[in-house]
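The residues making up each chain are set out below.
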Amino acid sequence: AFTGCGNAPKNAENEKNAKPATTEQVKPTNNTKGQKALGALKPEQALEYMKKTKDLVIIDVAPSKAYDKGHFIGAISIPVEVLSIEEEEKRYKELIPAGKPVLVHCRKSIYAPAAYRRIIELRPDIPEISYINGAPLLNQYNDWKASRSS
């Protein structure tokens, strides 16, 4: 499987199918169900959004190895590269709580745009959704989050 969000070697088949984040940006939209799809946020914008958004659910779609190396405090891991389409959809439906804003990310925005679009399709009960277009600011957010808990 392609591991653009991790450190494993890439293979030629997946490399040719992968799109860089710059061509994969999804623009903000409001769908007919009232869901606010914010689209791509730069890492700095995402950090500010994360700090101000109440009840935010963070979905990490990076490979498990990358998640284990470091992740946002409280993030839900859904490592899409190793999941079948059916299992991925099942996890989006079962693990993401309804009625809360969602932020999707991986490490290099390889998987996040597609996961963002798929969650929009599957979960109209999510009022607001966005994704990080770029390397997430893990340490900055985690330091901020930890300082709020103490």
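In this report, we go over the structure that sits alongside the text. What you see is a predicted model; the values in this text were computed from it and never measured.

Turning next to the packing of aromatic side chains. A complete count under the given rule lists 3 aromatic pairs for this structure. Where Phe-72 meets Tyr-141, the ring centres are 5.3 Å apart and the plane angle is 90 degrees; that geometry is what we call edge-to-face. Placement of Phe-72 in the loop between helix H4 (64–69) and strand S4 (76–77) and of Tyr-141 in helix H7 (residues 138–149) is noted, with a sequence separation of 69 residues between them. The same class applies to Phe-72 as to Tyr-141, namely buried. Here the aromatic residues Phe-72, Tyr-141 and Trp-144 are joined through ring pairs into a cluster of three or more.

The next point concerns H7. Taking 1.5 Å per residue as the helical rise, H7 with its 12 residues ought to reach 16 Å, and the 16 Å between its terminal C-alpha atoms agrees with that figure. Within H7, the full set of buried residues consists of Leu-138, Tyr-141 and Asn-142. Down the axis of H7, the buried set is contained in an arc of 95 degrees. They therefore lie on one face. For H7, the exposed residues lying more than 90 degrees away from the buried face are Asn-139 and Asp-143. Looking at the buried residues of H7, the elements they touch are helix H3 (43–52), strand S3 (57–60) and strand S5 (102–105).

For the rest of this paragraph, the subject is the packing of H3 against H7. Here H3 crosses H7 at 20 degrees, and the two axes come no closer than 10 Å. By the angle between their directions, the pair H3 and H7 is classed as roughly parallel. For the pair H3 and H7, the crossing hand works out as right-handed. On the side of H3, the interface is formed by Leu-47, Met-50 and Lys-51, while H7 contributes Gln-140, Tyr-141 and Trp-144. Here the contact of H3 with H7 is composed, by residue class, of 4 nonpolar, 1 polar and 1 charged.

To continue, consider the layout of surface pockets. The volume enclosed by the second largest pocket comes to roughly 160 Å³. Lining the second largest pocket are 13 residues, with Leu-56, Val-57, Ile-58, Tyr-141 and Lys-145 positioned closest to its centre. Secondary-structure elements contributing two or more residues to the lining of the second largest pocket are S3 and H7. Top element by residues in the lining of the second largest pocket is H7. It accounts for 3 residues.

The rules behind the values
Residues numbered from 1 in each chain as written. Predicted model: local features only at pLDDT ≥ 70, side-chain atom pairs only at ≥ 80, totals over all residues. Heavy atoms only, no water. Phe/Tyr/Trp six-rings, centres within 6.5 Å; stacked < 30°, edge-to-face > 60°. Helix = DSSP H or I, 4+ residues; strand = E, 2+ residues; numbered from the N terminus. Buried < 20%, exposed > 50% of the residue type's maximum accessible area, 1.4 Å probe, protein only. Expected span 1.5 Å × (residues − 1). Arc of directions from axis to C-beta. Contact = heavy atoms within 4.5 Å. Axes fitted to C-alpha atoms, helices over the stretch in contact; angles between N-to-C directions. Parallel < 35°, antiparallel > 145°, perpendicular 65-115°, else oblique. Left-handed = near helix turned anticlockwise from the far one by under 90°. Nonpolar A, V, L, I, M, F, W, Y, C, P; charged D, E, K, R; others polar. 1 Å grid on protein atoms, 1.4 Å probe; cavity = no way out; pocket = protein on both sides within 12 Å on 5 of 7 lines; lining within 4 Å. Points joined across faces, edges and corners; volume = space filled by probe spheres on them.

Purely spatial values, then, with no claim about function.
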